[in-house]
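Understanding the architecture of this molecule
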Amino acid sequence: MYKNLAAALLAACCFSVPAFSQPAPAKAEPLKVAFVYVAPVTDAGWVQQHEQGRRAVEAAFGGKVETTYVENVPEGPDAERVIRDLARQGNRLIFTPSFGYMEPTLKVAKEFPEVKFESITGYKTAPNVSVANARYYEGRYLAGIAAGRMTKTNVAGYVAGFPIPEVLQGINAFTLGMRSVNPRAQVKVVWLNTWFDPAREREAAQTLFNQNADVVSFHTASTAVMAAAQERGKMAVAYHSDMRKIAPDAQIVAVTHHWGDYYVSRVQAVLAGTWQPANVWAGVDKAMVRAGFFGAKVPKAVQDEVIKRQSEIARRRLHPFLGPIKDNAGREVVPKGKVLSDEQILAMDWLVEGVQGKIAR
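Everything in this summary refers to the structure shown in the same document.

Some words on the layout of surface pockets
To find leftover empty space, a probe the size of one water molecule is rolled over the atoms. Approximately 310 Å³ is the volume found for the largest pocket. Together, 16 residues line the largest pocket, and Thr121, Gly122, Tyr123, Asn133 and Leu346 are the ones closest to its centre. Elements with a minimum of two residues in the lining of the largest pocket: β5 (129-134), α6 (165-181) and β11 (279-282). The residue makeup of the lining of the largest pocket, split by class, is 10 nonpolar, five polar and one charged. In this structure, the second largest pocket occupies an estimated 260 Å³ of space. Forming the walls of the second largest pocket are 13 residues, and the residues nearest its centre are Leu176, Pro320, Leu322, Pro324 and Ile325. Those elements giving two or more residues to the lining of the second largest pocket turn out to be α6 and β13 (325-326). The element best represented in the lining of the second largest pocket is α6, accounting for three residues. A per-class count over the lining of the second largest pocket returns eight nonpolar, two polar and three charged.

Observations concerning the pairing of strand β6 (residues 155-160)
The element β6 is largely enclosed, with a buried count of six among its six residues. Burial along β6 is two-sided: the face carrying Val155, Gly157 and Val159 and the face carrying Ala156, Tyr158 and Ala160 are both buried. With α6 bridging β6 and the parallel strand β7 (residues 186-191), this β-α-β connection has right-handed handedness. Two elements, β6 and strand β8 (residues 215-219), share five bridges in a ladder whose sense is parallel. Note on β8: the bridge partner recorded for Val159 is Phe218.

Quick look at the nonpolar core
In this structure, Ile171, Phe174, Ile252, Val267 and Phe321 are the most contacted members of the largest nonpolar core, which totals 121 residues. Among the elements that take part in this core, helix α5 (residues 136-150) stands out by supplying nine residues, more than any other. Apart from residues lying up to four places away in sequence, Val267 is in contact with Leu31, Val33, Val57, Phe61, Val65, Leu93 and Phe95.

Conventions used here
- Residues numbered from 1 in each chain as written.
- Predicted model: local features only at pLDDT ≥ 70, side-chain atom pairs only at ≥ 80, totals over all residues.
- Heavy atoms only, no water.
- 1 Å grid on protein atoms, 1.4 Å probe; cavity = no way out; pocket = protein on both sides within 12 Å on 5 of 7 lines; lining within 4 Å.
- Points joined across faces, edges and corners; volume = space filled by probe spheres on them.
- Helix = DSSP H or I, 4+ residues; strand = E, 2+ residues; numbered from the N terminus.
- Nonpolar A, V, L, I, M, F, W, Y, C, P; charged D, E, K, R; others polar.
- Buried < 20%, exposed > 50% of the residue type's maximum accessible area, 1.4 Å probe, protein only.
- Right-handed = clockwise from strand over helix to strand, strands pointing away.
- Pairing = 2+ DSSP bridges.
- Core = buried A, V, L, I, M, F, W, Y, C linked by side-chain atoms within 4.5 Å.
- Contact = heavy atoms within 4.5 Å.

This is the structure we're talking about:
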């Protein structure tokens, strides 16, 4: 009996020893990614296209990534403060999509060498700052073809933000596209020296309509120009986004920007530990810029012509800045048979023949 009792007690002691399980591996913290927007997030426009890019990142990586954004941040000291705050909050990748954010981004990047920065439309890199831009001028040229075919007055208007090379490229390519199919076409420009001011954008469009323009384009961040064209019964080229919801009768074509693929690839590089600073300038060939979303009034023949020219640009069989090209003072800037180099395009400081007025200084 005692023998059995001893065995039972020994067995009980053996089985009552608590088991120590291995701790579960710690769950990896999500990569924090931030975006800084120069204007409010609206249904269409420059910021909306980058917001779509942010959402593409969330869809691609799920819980591996945590994104945030700050909207309506003015260029300059406010931008620097916001970018610095985002770095302090633990964001390890920060996208700053506005030309005026370039210098603030570079300054903050020096303070946070462990953080990666993506300066969108900037041109200065650093060990932890990459730059990317799109060849918007390719889409502008295609929109000019549509405008040249559709205008009845041979006058187009252009509401422009700041006189930086990117904007000048767009005005010139649009004018060249128009005049490639309508040599009598003229383009009138109103400078605003702001990216986002719906009231002034609308007023500028109205001024251009009063000066005989029956089609307008713009390089600003809101939908105000499209709304004005709709109200006046005129035509307009949407920019950044498809804006047929705002101007169903006015829109003849849209030049749209697409950032999702690029943003996803850069986030993936950070996650994989392969991120390096780069200088990316892509266009129609990479579908970063597209012309399409034609209005119902645009004949199929015009739509087909634009799509054909788009294919030619993508295959490098057509270049918007192929000479001969003169500026609007009559000086030859591109000889016959020559094409502007990327360096010349990026430094553009002139207006092409057919553009009325001067560059705002």
